[in-house]
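# Understanding the architecture of this molecule
Listed here are the chains, written in short residue letters.
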Amino acid sequence: MSQDIRIRYGVVIHGGVGTLSRVQMTPQLEREYREALSQSLRSGHEALMRGAGADAVVAAIRVMEDSPLFNAGRGSNFDAYGAITMDASLMVGEGRMAGAVAGVTDVRHPIELARLVMERSAHVMLHGSGAEAFARANGVPWTPPSFFRTERRWEMLREAKKREAASSSEGAGGEGTVSHGATPSSDGERLDRTFLAQDGASGTVGAVSLDRNGELVAGTSTGGSVNKRWGRIGDSPIIGAGTYASSHCAVSCTGLGEAFIRHGVARDLCARMEYLGESLAAAADELVLEVLAAEEATGGIVAVDRHGTVHMPFNTEGMYRGYVGEDGEPRVAIYRDPLAPLGL
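Residues numbered from 1 in each chain as written. Predicted model: local features only at pLDDT ≥ 70, side-chain atom pairs only at ≥ 80, totals over all residues. Heavy atoms only, no water.

### Observations regarding the overall build of the protein chain
- Counting its regular elements, the protein chain contains nine helices and 13 strands.
- A buried classification covers 58% of the 344 residues belonging to the protein chain.
- Partitioning the intrachain contacts of the protein chain with sequence separation of at least 6 by distance along the chain shows that 69% fall at a separation of at least 24.
- Accessible surface, the protein chain: about 13700 Å² in total, of which carbon and sulfur atoms supply 50%. (Helix = DSSP H or I, 4+ residues; strand = E, 2+ residues; numbered from the N terminus. Buried < 20%, exposed > 50% of the residue type's maximum accessible area, 1.4 Å probe, protein only. Contact = heavy atoms within 4.5 Å. Areas by Shrake-Rupley, 256 points an atom, 1.4 Å probe, with all protein chains shown as cover.)

### Remarks on the confidence of the model for the protein chain
- Taken residue by residue, the protein chain gives an average pLDDT of 90. The fraction at 70 or more is 89%.
- Every residue in residues 173–201 scores below 50 in pLDDT, and together they form 44 contacts with partners more than four places removed in sequence or on other chains. (pLDDT = per-residue confidence, 0-100.)

### Side note on the sheet that holds strand β4 (residues 97–104)
- Pairing within the open sheet is mixed, and its eight strands lie in the order β5-β4-β3-β7-β6-β2-β12-β13. Edge positions in the sheet fall to β5 (125–127) and β13 (331–333), since each of these pairs with one other strand and no more. The average angle at which neighbouring strand axes cross in this sheet is 10°, direction not considered.
- The pairing of β4 with β5 spans three bridges and is classified as parallel. Bridge pairing in β5 links Ala100 to Met125.
- Helix α1 (residues 27–50) contacts β2 (10–16), β6 (205–210), β12 (320–324) and β13 of the sheet and is inclined by roughly 150° relative to β2.
- Most of the contacts of helix α2 (residues 53–66) go to β6, to which it runs at about 155°, and overall it touches β2, β3 (86–92), β6 and β7 (216–222). (Pairing = 2+ DSSP bridges. Axes fitted to C-alpha atoms, helices over the stretch in contact; angles between N-to-C directions.)

Structural data, given as structure tokens:
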């Protein structure tokens, strides 16, 4: 489905499967996305040349967390209450070290905090105020929540609220249908599942790397789904669901998080390679194009194996994505076009 790519070492990224359609995408906006992806890859490659894979993954994701274009860090989605809460995770294949944070509101780079959890705590995942207290204890500066607000994401919340209200009104007369397996016992539950399906794939960012020593690392960062409720947490901070790295592969996922959690997609991909001897492409394609697609769950994966094989399948119109190998030249794409340097 995607190009056959082989690198000796390098970084692979995604900026989410929640791309604008080709009709909505303007030439200027497409250029901005491609430039942001290319800058992320350049930062990742520079860090890889100076240090290890974890440095590269964090550096690449930091760039996307600072960009208002992506649903992570500064461009994160609003929840149903008008707040922004962010999640991130990082995993190193060697020793299967991992760290994750969920529900943080005042940390500019959640991926860096996830790394601190991995390196400076006895835990794997910290949540909410506890994660923020850990951040302060480890010298992470406070960032005002207003920093993360963008008008684009605020408008997305307004639109989601309008659709939610319209669906609730239509269902009030008893003729509305219940979708995605919800039961009529709870209007809130029915609406929540409906709008997770519509808005759950508005983007997430992630990166994987293979360094010059053969170490594999994966990381993911997100603002979660727009209009999420009740403290919802998706797959991005969950090791084995949205992020995983082993001696066989490194994986970062994007899409409808509930499906990735139920299927343990990131871990399953590596397990298929380790126990069944499947290739990276075969395992990733089956999970994205068959398992997720069978339940109409939008999704995509970026992954690299220990041999330097790169694979980036997705089941939507597009996925912001790219890679940089040993030549240092970023190659990016949005839709089903070949990956290419920025100038082409």
